[in-house]
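The chain contents come next:
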Amino acid sequence: MAIASRDRSRSILGAMSQGSERGYWYFLRVSGVLLVFLALGHIFITHYANVPSETTFDFVSARWANPLWRMFDWMLLLAALWHGLIGIRISITDYLPGPLWKQVAYALAWIVGLIFSVVGSITIITFNEEMSRNNSGPLSGDLWIADVLGALLYVIAVGTYLGIIALAIWVIRDFQAGRAPVYRGDPGQYAFVFHKAAGIGILFFLIIHIVDIMLIGLGRDVYDKSVNFYGQPFLVPMEILLVGALLYHSFNGLRIIAVDFTTSGSFRQRKMFWVVLIAAVVLTIPSAIMIIAKEIF
Ligand code: HEM
């Protein structure tokens, strides 16, 4: 009962929160539903039907020859970027000390959003296949740019792997101390921690991914060199975790929306959490098999 009333209060909180906060609350839910189609559709193409290192210049330019796919990728860019940046406000509000740091972080999120919206939109809308294929654009010969991006992917991968090790240590320590793991070990708290970690993790990967796609405008060679990094064994676990994180965050996002907008949702939230978790793990397996088979063997 306690859990149901807390989630109920959250939807009332959302409805009652003032002005922009209420707008952000609804934006996260509407953009979330849109992203179920855009982001899961995208991850199916790049991590099930193909694997990340196959998303080469030829693969992307063939897709972008069709304006509908350009529109799809443009909507995905804007929805994922702004959903993630509005979402990260929750952590800024909850965890950053003092109003000054909060305001600085809010402003930074807006600046990042505007810069990456413009850069990403220019890349998708102005893509000139012939110029890029001939590597005749500015910076097209600077292949070191791809190495810098590859290094950033390694940094994200190391951060992800260390984060998972830290979470495992947290759980083991709690067990050793005879405590329920992760706060009081309540499914609602697991759902909260995993949802936040998955959302923030996907957002950081997304920022690097937008820079990576931007390289296609510079030239085929620099872009294909950056895509080659996705085939490196050290990054493969991160790619599989990305699929799992997106599946979990999406399904749990739908669970949150069901709790917010339906009465039955509040009472079924515990059962729904286990369904969400099991579905995310089970549906990640085929992608993991594909990626390991193609990238490792
Ligand atoms: C590219 C994909 C996505 C990214 C980068 C992303 C990122 C984020 C981030 C960073 C948060 C804040 C998490 C927190 O601090 O609690 C968040 C919240 C949220 N996300 Fe996503 N998300 C994505 C896709 C989705 C999808 C597909 C849904 C499906 C409905 C969704 C539903 C939600 C909801 C409902 C919240 C608000 C949770 C709350 O109010 O506590 N997200 N997202």
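Refer to the structure above for everything that follows.
Criteria and cut-off values
- Residues numbered from 1 in each chain as written.
- Predicted model: local features only at pLDDT ≥ 70, side-chain atom pairs only at ≥ 80, totals over all residues.
- Heavy atoms only, no water.
- Helix = DSSP H or I, 4+ residues; strand = E, 2+ residues; numbered from the N terminus.
- Rg over C-alpha atoms; globule rule 2.2 N^0.38 Å.
- Buried < 20%, exposed > 50% of the residue type's maximum accessible area, 1.4 Å probe, protein only.
- Areas by Shrake-Rupley, 256 points an atom, 1.4 Å probe, with all protein chains shown as cover.
- Donors = N, O, S within 2.8 Å, 3.2 Å for Na, K, Ca; no water.
- Tetrahedral: all angles 85-135°; square planar, octahedral: opposite > 155°, others 65-115°.
- Axes fitted to C-alpha atoms, helices over the stretch in contact; angles between N-to-C directions.
- Parallel < 35°, antiparallel > 145°, perpendicular 65-115°, else oblique.
- Left-handed = near helix turned anticlockwise from the far one by under 90°.
- Contact = heavy atoms within 4.5 Å.
- Nonpolar A, V, L, I, M, F, W, Y, C, P; charged D, E, K, R; others polar.
- Core = buried A, V, L, I, M, F, W, Y, C linked by side-chain atoms within 4.5 Å.
- Near = heavy atom within 4 Å.
- Polar contact = N/O pair within 3.5 Å; in protein donor to acceptor, adjacent residues only side chain to side chain.

Caption draft 1: Spatial organisation of the overall build of the chain. Assigned secondary structure in the chain consists of eleven helices and zero strands. Reading the helices (α) and strands (β) of the chain from amino to carboxyl end gives α-α-α-α-α-α-α-α-α-α-α. Since a compact globule built from 297 residues should have a radius of gyration of about 19 Å, the 20 Å found for the chain is in line with a globular shape. Its C-alpha atoms put the chain at 65 × 45 × 35 Å along the principal axes. Within the span of the chain, comprising 297 residues, buried residues form 46% of the whole. About 15400 Å² of surface is accessible on the chain, with carbon and sulfur atoms providing 75% of the total.

Caption draft 2: Molecular detail of the coordination of the iron atom of the ligand. Around the iron atom of the ligand, the protein supplies H83 (NE2) and H249 (NE2) as donor atoms, at distances of 2.0 Å. One can describe the donor arrangement at the iron atom of the ligand as octahedral, given that its six donor atoms subtend angles of 87 to 180° at the metal. Within this pair, whereas H83 is found in helix 4 (residues 67–95), its partner H249 is found in helix 10 (residues 236–261), the two being separated by 166 residues in sequence. You'll find H83 and H249 in the same group, each marked buried.

Caption draft 3: Molecular detail of the packing of helix 8 (residues 187–218) against helix 10. At a minimum axis distance of 9 Å, the contact between helix 8 and helix 10 shows a crossing angle of 125°. It follows from the interaxial angle that helix 8 and helix 10 lie oblique. In terms of crossing hand, the pair formed by helix 8 and helix 10 is left-handed. Taking contact as the criterion, the partners of Y190, A191, F194, H195, A198, G199, I202 and F205 in helix 8 are, on helix 10, M238, L242, A245, L246, Y248, H249, N252, G253, R255 and I256. Class assignment for the residues of the contact of helix 8 with helix 10 results in twelve nonpolar, five polar and one charged.

Caption draft 4: Structural detail: the nonpolar core. Ranked by internal contacts, the top residues of the largest apolar core, which has 62 residues, are L81, L153 and M238. Top contributing element to this core by residue count: helix 8, with 13 residues. Every residue in contact with L81, bar those within four places of it in the chain, is listed here: L76, G113, F116, S117, L203, L206, I207 and I210. Formed by five residues, the second largest nonpolar core is a distinct cluster that contains V51, I240, A288 and I291.

Caption draft 5: The arrangement of the site of the ligand in detail. Lining the immediate environment of the ligand, one finds 26 residues, of which R29, H83, G87, K196 and H249 sit closest. In this structure, a nitrogen atom belonging to the ligand sits 2.8 Å away from a side-chain N or O atom of H83. In this structure, K196 approaches the ligand through a side-chain N or O atom, which is 2.6 Å from an oxygen atom. For the shell around the ligand, the secondary structure elements donating two or more residues are helix 2 (19–49), helix 4, helix 8 and helix 10. Top contributing element to the shell around the ligand by residue count: helix 10, with seven residues. The class makeup of the residues in the shell around the ligand is 13 nonpolar, ten polar and three charged.

Caption draft 6: Representation of the environment of A198 within the structure. Assignment of secondary structure puts A198 in helix 8. Owing to a relative accessible area of 9%, A198 belongs among the buried residues under this scheme. On a C-alpha basis, the gap between A198 and L246 in space is 6.9 Å, while along the polypeptide they are 48 residues apart. Beyond its immediate chain neighbours, meaning those up to four positions away, A198 contacts A245, Y248 and H249.

Caption draft 7: How the structure looks around unusual backbone geometry. Positive phi outside glycine occurs at N135, with the angle close to 50°. Mapped onto the secondary structure, N135 falls in the loop between helix 6 (129–133) and helix 7 (144–176).

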